[in-house]
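Single-letter residue listing:
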Amino acid sequence: MTNAYVRPISSRSVVSSVTEELRRAILSGGLAPGQRFSLREIANMLAVSFIPVREALRTLESEGLVVIEPGRSAFVAPLNLNDLQAIYRLRRVLEPDLARRSCLMLTVEQLNRLDVDAVNFGYEDLGADAVCDSHLHFHLALLAPAATSWDVRVLTMLWRAAERYVRIGFGLLVRDPHEHERREQTHEDLIAAFRRRDPDLAAQAIYDHLARNEETARMALDEYRADVKATS
């Protein structure tokens, strides 16, 4: 394995830095689904000791991103339809319920800031990393007034698990020259629904948003499988 997919890190919290870098490499596809690696190999690539890599992989395993094997090896969790459907099934339980309450709690100022964030989604030169980071922060801010710390923990795990599938879809959608406009409009529509202060309307808007994202991710997964099959 070369070191093209992970970058050397500076000291901070070493475990936190290793976790973030490996998560970035997995979500971006640099470390591909199913790819096997030894813990020592990753430690050498990141210029850290074996121990923080082991701790980082435990965290990533709890997020469903890696599978740790007996001994000192692991592999990136594969992409599959059952996992994708489970992720969105759980999101459809949690997020519309939070939306019902959050739409009554968000201030006008908070909604105005979210409008600015939605416009930022429309930047044509926004890369995949920026889109995914902004998307997570946008949805967290939209639901935060009604969310407990446990809601945030569970949703963050689900959002990260979904991100690998969404990134594949994003790679397909960027072929559409109008994707950046669609991205902006979709999130402006969510804010408009929340401004109505109607819990049923807000919940339905979130539900429909998740349904569209899941369908995009499912089609992307089909194309990903076809590409893997064609190259194998």
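The protein chain is annotated in an unreviewed UniProt entry as GntR family transcriptional regulator from Mycolicibacterium cyprinidarum.

Undergrad: How would you summarise the overall build of the protein chain if you had to cite specific residues and measurements?
TA: For the protein chain, the count of helices and strands is nine helices and three strands. Ordered by position from the N terminus, the helices and strands of the protein chain form the series α-β-α-α-β-β-α-α-α-α-α-α. Buried positions account for 40% of the 232 residues belonging to the protein chain. Contacts spanning at least 24 positions in sequence make up 77% of the contacts within the protein chain whose residues lie at least 6 apart. Total accessible area computed for the protein chain in this model is approximately 12,000 Å², and 54% of it derives from carbon and sulfur atoms.

Undergrad: Tell me about the pairing of strand β3 (residues 73–76), and please be specific about residues and values.
TA: Bridging between strand β1 (residues 36–38) and β3 involves three bridges; their strand directions are antiparallel. Its bridge partner lying in β3, S38 is registered against S73. Relative to β3, strand β2 (residues 66–69) runs antiparallel, the two being bridged by four bridges. Residue pairing for β3: V66 is matched across the bridge by V76. Count of turn residues in the β2/β3 antiparallel hairpin: three residues, of which G71 carries a positive phi of about 95 degrees.

The rules behind each value
Residues numbered from 1 in each chain as written. Predicted model: local features only at pLDDT ≥ 70, side-chain atom pairs only at ≥ 80, totals over all residues. Heavy atoms only, no water. Helix = DSSP H or I, 4+ residues; strand = E, 2+ residues; numbered from the N terminus. Buried < 20%, exposed > 50% of the residue type's maximum accessible area, 1.4 Å probe, protein only. Contact = heavy atoms within 4.5 Å. Areas by Shrake-Rupley, 256 points an atom, 1.4 Å probe, with all protein chains shown as cover. Pairing = 2+ DSSP bridges.

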